[in-house]
Amino acid sequence: MIHQSTDARASRRFLFLDASARPDGNSVRLARLAAESSLPAGAEQRWLRLDDHPLPPFRDLRHTGDGGYPEPAGHGRTLLDATLAATDLVFVAPLYWYSLPTSAKLYLDHWLGWMGVPGLDFLARMGGSTLWGVTALAADDDKAGPLIDSLRLTAEYMEMRWGGVLLGNGSRPGEVLDDERAVVAAKSFFAG
Ligand SMILES: Cc1cc2nc3c(=O)[nH]c(=O)nc-3n(C[C@H](O)[C@H](O)[C@H](O)COP(=O)(O)O)c2cc1C
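Now for a description of the structure that goes with this document. (Residues numbered from 1 in each chain as written. Predicted model: local features only at pLDDT ≥ 70, side-chain atom pairs only at ≥ 80, totals over all residues. Heavy atoms only, no water.)

Quick notes on the nonpolar core
Argument step 1. In this structure, Leu-89, Phe-91, Tyr-107, Trp-111 and Phe-122 are the most contacted members of the largest nonpolar core, which totals 36 residues.
Argument step 2. Elements with a minimum of two residues in this core: strand S1 (13–18), helix H3 (74–85), strand S3 (88–92), helix H4 (102–115), helix H5 (122–126), strand S4 (130–137), helix H6 (145–157) and strand S5 (161–169).
Argument step 3. Here this core gets five residues from one element, more than from any other, and that element is H4.
Argument step 4. Dropping the residues within four chain positions of it, Tyr-107 is found in contact with Leu-17, Leu-50, Leu-55, Leu-79, Thr-83, Leu-89, Phe-91 and Trp-114. (Core = buried A, V, L, I, M, F, W, Y, C linked by side-chain atoms within 4.5 Å. Buried < 20%, exposed > 50% of the residue type's maximum accessible area, 1.4 Å probe, protein only. Helix = DSSP H or I, 4+ residues; strand = E, 2+ residues; numbered from the N terminus. Contact = heavy atoms within 4.5 Å.)

Comments concerning the sheet that holds strand S2 (residues 44–49)
Each strand in a sheet pairs with its neighbour through backbone hydrogen bonds, running either in the same direction (parallel) or in the opposite one (antiparallel).
Argument step 1. As summarised here, the arrangement of the five strands in space is S2-S1-S3-S4-S5, forming an open sheet in which the pairing is parallel. Here the strands that pair on one side only, and so sit at the sheet edges, are S2 and S5. Going from strand to strand, the sheet's axes swing by 15° on average, the running direction of each strand aside.
Argument step 2. With five bridges connecting them, S1 and S3 associate as parallel partners. (Pairing = 2+ DSSP bridges. Axes fitted to C-alpha atoms, helices over the stretch in contact; angles between N-to-C directions.)

Observations regarding the packing of aromatic side chains
Argument step 1. Across all of its chains, the model carries 14 aromatic pairs by this definition.
Argument step 2. Relative to Phe-122, the ring of Trp-114 lies with its centre 5.5 Å away and its plane at 75°, an arrangement referred to as edge-to-face. Exposure class is identical for Trp-114 and Phe-122. Each is buried.
Argument step 3. Plain terms: the ring middles of Trp-132 and Phe-189 are 5.3 Å apart, the flat faces sit at 65° to each other, and that makes the pair edge-to-face. Here Phe-189 lies in the segment after helix H7 (180–186) and Trp-132 lies in strand S4, a separation of 57 residues in the sequence. Phe-189 shares its class with Trp-132; the two are buried.
Argument step 4. Clustering of aromatic rings is evident, with ring pairs tying together Phe-14, Phe-16, Trp-47, Trp-132, Phe-189 and Phe-190. (Phe/Tyr/Trp six-rings, centres within 6.5 Å; stacked < 30°, edge-to-face > 60°.)

Remarks on the site of the ligand
Argument step 1. Lining the immediate environment of the ligand, one finds 16 residues, of which Ser-20, Asn-26, Ser-27, Ala-139 and Gly-170 sit closest.
Argument step 2. Between Leu-95 and the ligand, the recorded distance is 2.8 Å, taken from a backbone N or O atom to an oxygen atom.
Argument step 3. Expressed as a share of its isolated accessible area of 640 Å², the protein-covered part of the ligand is 77%.
Argument step 4. Broken down by secondary-structure element, the contributors of at least two residues to the shell around the ligand are helix H2 (26–38) and S4.
Argument step 5. Grouping the constituent residues of the shell around the ligand by class yields nine nonpolar, six polar and one charged. (Near = heavy atom within 4 Å. Polar contact = N/O pair within 3.5 Å; in protein donor to acceptor, adjacent residues only side chain to side chain. Areas by Shrake-Rupley, 256 points an atom, 1.4 Å probe, with all protein chains shown as cover. Nonpolar A, V, L, I, M, F, W, Y, C, P; charged D, E, K, R; others polar.)

Quick word on H2
Because each turn of an α-helix spans 3.6 residues, side chains separated by three or four positions end up pointing in the same direction.
Argument step 1. With 13 residues, H2 extends 18 Å from end C-alpha to end C-alpha; this agrees with the ideal 18 Å at 1.5 Å per step.
Argument step 2. Three or more residues of H2 are buried, namely Asn-26, Ser-27, Val-28, Leu-30, Ala-31, Leu-33, Ala-34, Ala-35 and Ser-38.
Argument step 3. Contacts made by the buried residues of H2 are with S1, S2, S3, S4, S5 and H7. (Expected span 1.5 Å × (residues − 1).)

Some words on the environment of Gly-25
Argument step 1. With respect to the secondary-structure elements, Gly-25 resides in the loop between S1 and H2.
Argument step 2. Through-space distance from the C-alpha of Gly-25 to that of Arg-172 is 8.0 Å; in sequence the pair is 147 residues apart.

Thoughts on the side chain of Asp-18
Argument step 1. With respect to the secondary-structure elements, Asp-18 resides in strand S1.
Argument step 2. Not counting chain neighbours up to four residues away, the residues in contact with Asp-18 comprise Val-28, Leu-48, Arg-49, Leu-50 and Val-92.

Considering the pairing of S5
Argument step 1. Note that S4 and S5 share eight bridges and pair parallel. Paired with Thr-135 across the bridge in S5 is Leu-167.
Argument step 2. As for the winding sense of the linkage, the β-α-β connection from S4 through H6 to S5 is right-handed. (Right-handed = clockwise from strand over helix to strand, strands pointing away.)

Some remarks on the side chain of Ser-38
Argument step 1. Position of Ser-38 among the secondary structure elements: in helix H2.
Argument step 2. For Ser-38, a relative accessible area of 4% translates into the label buried.
Argument step 3. There is a polar contact of 2.7 Å between the side chain of Ser-38 and the backbone oxygen of Ala-34.
Argument step 4. Sequence-distant contacts of Ser-38, that is, excluding residues within four places in its chain, are made with Ala-186, Lys-187, Ser-188, Phe-189, Phe-190 and Ala-191.

These figures capture arrangement, not role.
So this is what it looks like as structure tokens:
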């Protein structure tokens, strides 16, 4: 029994997708603090910047030909494989115009294509994993509703578990670590 529970803890694999349009911004600093302080024991972590893995424009082929999508290649393949390998998917996504940054939105649009790749079973394989968000914003927390709803409803559609969104206030890089409420929340975020 002890052996089983150790294995279960070790099997958590967190994928952090940094969607900021700048490196080392507030969202990723807050996410790093949360990861350092609150990831379950034995959890693996992988960090990818979406801007380092640019995706092509998404094409809606659902009602064209047989509606199937080709297997993704290049950065799409990297992101798909990393996504499927994760038990926990963390959008590290600053608030842009009350919503998700373009790179995060484009990545989500590509999920629709991945659902259409014959034999991939993307939708079924995502079910049961957990979706989280870590978001920095310059304004008050109550302005983040559209971003939170986008992620929460996506989790619901995909039959994923909903981990919630950790919010932190800041504008210049590093300011988020002066947001005491965010720092306290980060320290237990992934343990919740
Ligand atoms: C294109 C763009 C749009 C933004 N839109 C908002 C917004 O709607 N609400 C807000 O509070 N802050 C907004 N901001 C400010 C960022 O959310 C804030 O600077 C945040 O700390 C950036 O996080 P990052 O350092 O992880 O990139 C915007 C910033 C950019 C670059």
